[in-house]
Amino acid sequence: MTDAATDIALVERYVAGDLTAFDELVRAHQDRVFAICLRMLRHRDAALDATQDTFVTLFRKADRYKAEAAFSTWLYRVTVNVCYDHLRRQQRRPTDQLPEYHDLPDPKAEEALTSVELRPEVERALAQLSDVFRAAVVLVDLQGLSLETAATALDVPVGTVKSRVFRGRRLLAEQLGNLRPPDQHPTRA
Amino acid sequence: MTVHDHDLDLIMAIALGGLRGEESSGAAAEIAGCERCTADLAAQRTALGALAALIDDPGARLTELEARRLHQVLNDRLGHTVTAAPPPVKRAAAAAAGRGRRFNWAPLATVAAIFLAVVVGGNAIRSLTAGSDDSAGGDTAADAPTSADADGTDERRVSASTSTVAAERQIVAEATATTAAAAEGGAFADRPSREEVSVGALTELRERIETMAIPSIATDATSEDSELAVTAEETMGPDAFGPAPIEEPCIGAASVFLAAPAESVVLGTIDVADLGTTVVTVNVMVDGAVRILLHDPVSCTVVAEVP
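Residues numbered from 1 in each chain as written. Chains lettered and ligands numbered in written order. Predicted model: local features only at pLDDT ≥ 70, side-chain atom pairs only at ≥ 80, totals over all residues. Heavy atoms only, no water.

1. Section: the environment of Ala253(B)
Residue and element names in this part refer to chain B. Our working rule: Numbering of helices and strands runs from the N terminus; a helix is a DSSP stretch of H or I covering at least four residues, while a strand is a stretch of E covering at least two. The buried label goes to any residue with under 20% of its type's maximum accessible area, the exposed label to any with over 50%, and the partly exposed label to all in between, with areas taken from a 1.4 Å probe on protein chains only.
As for its position among the elements, Ala-253 is in helix 12 (residues 248–257). Taking relative accessible area as the criterion, Ala-253 reaches 1% and is therefore assigned buried. Sequence separation between Ala-253 and Leu-293 is 40 residues; the distance between their C-alpha atoms is 9.7 Å.

In structure tokens:
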């Protein structure tokens, strides 16, 4: 059974009253949902709150899911909308800022040093993007969603996602250019 | 649609390296004639290269503690159990605290065993000669304070959530076996008496630890652990702490009580005024705040939090 078919089967079981199926859905998707929330909100605590809200929404509204799109796509739409809500609340309470997200030390990580060193800069640049551009870049470039899937998740036409990704990357490059000297621009390995 | 917009697909395809052979060279020639397209292509490549640093970033995954916290909150909010992996009890953390320079209990345990033999032997002799049933010290594990004893003190916090209680019940169950084993071995029941400390002294300890970085109580048995041990000894006195009869269940109880701190270690047991003997856990929260909990030495239930 594919992941998508497994997800649909789990949703059906859950809607039919099998709560263990909900557990499985949470465990299967919690890391990806959290990663999206973290990139959207930047703070770990806020991301964890948003992750919780996402699954609470899933718990309460799973019966509204129609298997026309992959379950994960529907879940990402819920995730992004929850993040937008959190961002709106943050904007209403500008003084209620949480500590910034920093990489947790992970001695097992085997990334190149340059990649690790870049992360804070890239995170800062990503945070400068508007919410809609950031969502598009996060889904397409970080989560690897196709433009079509991202369009469904964001509930906008494919062309709009494409434009947001394109412009988001351009703004990101500009932000990075402002953060470091021109001769030190990061390039793809 | 402008010419530049028209080339958006092409620029994105080139940036992603999705074109090959003639298609690629043709696209490159087309882009070369458009100054803004060339700049956009460079920007796309720069952004993609930078974003690659964030793909598969281990820091963007839930830690075990965060996952537990997520499941715990979902349990609370949804009223049903989201099963999670077994609590990630920090064996290494507890062990590290025990291996610290000032918390190496092996020699003390030997002394305690000798002491126990002398006291128990002496009692047996006294019982035989005087008919007395006076016990050695009278401070047995069964006499230790419970969460029920602790009600009514300002600085004490007791978890009220049903799921937390359930989780603590499980922890208590786990603790029972360990405690029984500890009691059998006499590791806690007949320890030498210590001077009681005030909660205020523990507050000072909490404030001092708070000035230390989180890695200072990290799980490995490094010199940083000794730093914690030395701070505890400097603040509370050299004989304030004794060995904890149970560690892992107390770390688990602290994790449930505090909704998953970033780090937790057991400092040992300490005699606190009005509370009696308690197990002390030092917990560093995700935001860097330090919270010290006092646990029942038998059940590990949190009986008080140091203000």
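2. Some details on the packing of aromatic side chains
Residues and elements named next belong to chain A. Stated precisely, the cut-off is as follows: Two rings from Phe, Tyr or Trp (for Trp, the six-membered ring) form a pair when their centres sit within 6.5 Å of each other. Planes less than 30 degrees apart are called stacked, planes more than 60 degrees apart edge-to-face, and all others tilted.
Summed over all chains, the structure comprises 6 aromatic pairs over all chains. Geometrically, the ring pair formed by Tyr-14 and Phe-59 is tilted, given 5.6 Å between the ring centres and 40° between the ring planes. Here Tyr-14 is found in helix 1 (residues 3–15), whereas its partner Phe-59 is found in helix 3 (residues 44–61), with 45 residues between them in sequence. Look at Tyr-14 and you get buried, because its relative accessible area is 10%. Considering the side-chain rings of Tyr-65 and Trp-74, the 5.6 Å spacing of their centres and the 50° angle between planes classify their relative orientation as tilted. Take Tyr-65: its relative accessible area is 9%, and that puts it in the buried class.

3. So, the interface of chain B and chain A
The condition that has to hold: When checking whether two residues touch, look at their non-hydrogen atoms; a contact exists if any pair is within 4.5 Å. The quantity reported as buried area is the accessible area (1.4 Å probe) lost by two parts once they are put together, taken as the sum for both. Should a side-chain nitrogen of Lys or Arg be within 4 Å of a carboxyl oxygen of Asp or Glu, the pair is scored as a salt bridge. The term polar contact refers here to a pair of N or O atoms within 3.5 Å; inside protein, the definition further demands a hydrogen-donor-capable atom paired with an acceptor-capable atom, and it admits residues adjacent in sequence only when both atoms are side-chain atoms. Side-chain classes are defined by residue name, with Ala, Val, Leu, Ile, Met, Phe, Trp, Tyr, Cys and Pro counting as nonpolar, Asp, Glu, Lys and Arg as charged, and the others, Gly among them, as polar.
With 42 residues of chain B in contact, the opposing surface of chain A contributes 49 residues. Buried area between chain B and chain A, summed over both chains or domains, comes out near 4200 Å², and the portion from carbon and sulfur atoms is 63%. On the chain B side of the interface with chain A, the three residues burying the most area are Leu51(B), Leu54(B) and Arg77(B), jointly 13% of the side's total. For the interface between chain B and chain A, the tally reads 5 salt bridges. Remark: the boundary between chain B and chain A carries 12 residue pairs in polar contact (both at pLDDT 80 or more). Mapped by element, the contributors of at least two residues to the side of chain B that touches chain A are helix 2 (8–15), helix 4 (35–51) and helix 5 (64–78) of chain B. Of the residues in the side of chain B that touches chain A, the class split is 22 nonpolar, 10 polar and 10 charged.

4. Re unusual backbone geometry
Residue and element names in this part refer to chain A. One non-glycine residue with positive phi stands out, namely Arg-42, at about 75°. Inspection of the secondary structure puts Arg-42 in the loop between helix 2 (19–41) and helix 3. Assessed through its relative accessible area of 15%, Arg-42 is described here as buried. Despite not being glycine, Asp-155 has its phi angle at roughly 60°, a positive value. Looking at Asp-155, the relative accessible area reads 56%, which means it is exposed.

5. Quick notes on the pairing of strand 2 (residues 276–284) of chain B
All names here are of chain B. Using the following cut-off: Note on pairing: DSSP must find at least two bridges between two strands before they are called paired.
Burial within strand 2 is extensive, with 8 of its 9 residues counted as buried. Relative to strand 2, strand 1 (residues 263–272) runs antiparallel, the two being bridged by 9 bridges. If you follow Val-272 over to strand 2, its bridge partner there is Gly-276. In sequence, strand 1 turns back onto strand 2 through a hairpin of 3 residues, with Asp-274 there showing a positive phi of about 75°. The sheet contact formed by strand 2 and strand 3 (residues 290–295) spans 6 bridges and is antiparallel. Each bridged residue has a counterpart across the sheet, and for Thr-281 the counterpart in strand 3 is Leu-293.

6. As for helix 3 of chain A
Selection rule: A helix is expected to span 1.5 Å for every residue after the first.
Look at helix 3 of chain A: 25 Å from first C-alpha to last across 18 residues, which is about the 26 Å you get at 1.5 Å a residue. Burial analysis of helix 3 of chain A places 14 of its 18 residues in the buried class, which makes it a mostly covered element.

7. A closer look at the nonpolar core
Selection rule: We define a nonpolar core as any set of buried Ala, Val, Leu, Ile, Met, Phe, Trp, Tyr and Cys residues linked to one another through side-chain atoms lying within 4.5 Å.
In this structure, Met40(A), Leu126(A) and Leu154(A) are the most contacted members of the largest nonpolar core, which totals 79 residues. Apart from residues lying up to four places away in sequence, Leu154(A) is in contact with Val80(A), Tyr84(A), Ala135(A), Ala136(A), Leu139(A) and Val161(A). Among the nonpolar cores identified, the runner-up in size contains 25 residues, and Met236(B), Val282(B), Ile292(B) and Val306(B) belong to it.

8. Things to note about the sheet that holds strand 4 (residues 302–305) of chain B
Residue and element names in this part refer to chain B. Condition: Axes here mean lines fitted to C-alpha atoms, for a helix over just the part in contact, with angles spanning 0 to 180 degrees between N-to-C directions.
As summarised here, the arrangement of the 4 strands in space is 1-2-3-4, forming an open sheet in which the pairing is antiparallel. Of all strands in the sheet, those with a lone pairing partner are strand 1 and strand 4, marking the two edges. Across the sheet, the mean angle from the axis of one strand to that of its neighbour is 30°, orientation sign disregarded. Relative to the sheet, helix 10 (residues 199–210) contacts strand 1, strand 2 and strand 3, its axis offset from that of strand 3 by approximately 145°. Along the sheet, helix 12 makes contact with strand 1, strand 2, strand 3 and strand 4, crossing strand 3 at roughly 125°.

9. Quick notes on helix 5 of chain B
All names here are of chain B. End to end, helix 5 covers 21 Å across 15 residues, agreeing with the expected 21 Å (1.5 Å per residue, within 8%). Residues of helix 5 that are buried: Leu-65, Glu-66, Ala-67, Arg-68, Arg-69, Leu-70, His-71, Gln-72, Val-73, Leu-74, Asn-75 and Leu-78. Looking one or two residues past helix 5, Gly-79 carries a phi angle of roughly 70°, positive in sign.

10. Digging into the state of the cysteines
Residues and elements named next belong to chain B. Using the following cut-off: In this description, the term disulfide denotes a pair of cysteine sulfurs within 2.5 Å.
Following the criterion strictly, the structure yields 2 disulfides over all chains and no others. Covalent S-S linkage joins Cys-34 and Cys-37, the inter-sulfur distance amounting to 2.5 Å. Between Cys-34 and Cys-37, the disulfide has an S-S torsion of 75° and is therefore right-handed. Both residues of the pair, Cys-34 and Cys-37, count as buried. One disulfide bridge connects Cys-250 with Cys-300, the sulfur atoms lying 1.9 Å from each other. Its S-S torsion of approximately -80° makes the covalent link between Cys-250 and Cys-300 left-handed. Taken together, the residues Cys-250 in helix 12 and Cys-300 in the loop between strand 3 and strand 4 connect sequence positions 50 residues apart.

11. Observations concerning the pattern of salt bridges
Enumeration over the complete set of coordinates arrives at 14 salt bridges over all chains. Among the salt bridges present, the one from Glu66(B) reaches Arg44(A), with a minimum N-O distance of 2.7 Å. With Glu66(B) in helix 5 and Arg44(A) in helix 3, this pair bridges two chains. The class for Glu66(B) is buried, based on a relative accessible area of 7%. Note that Arg89(A) is salt-bridged to Asp53(A), the shortest N-O span being 3.9 Å. On the criterion of sequence distance, the pair formed by Arg89(A) in helix 4 (residues 71–92) and Asp53(A) in helix 3 is long-range, its members being 36 residues apart.

Honestly, that's just the spatial picture; any functional story needs more than this.
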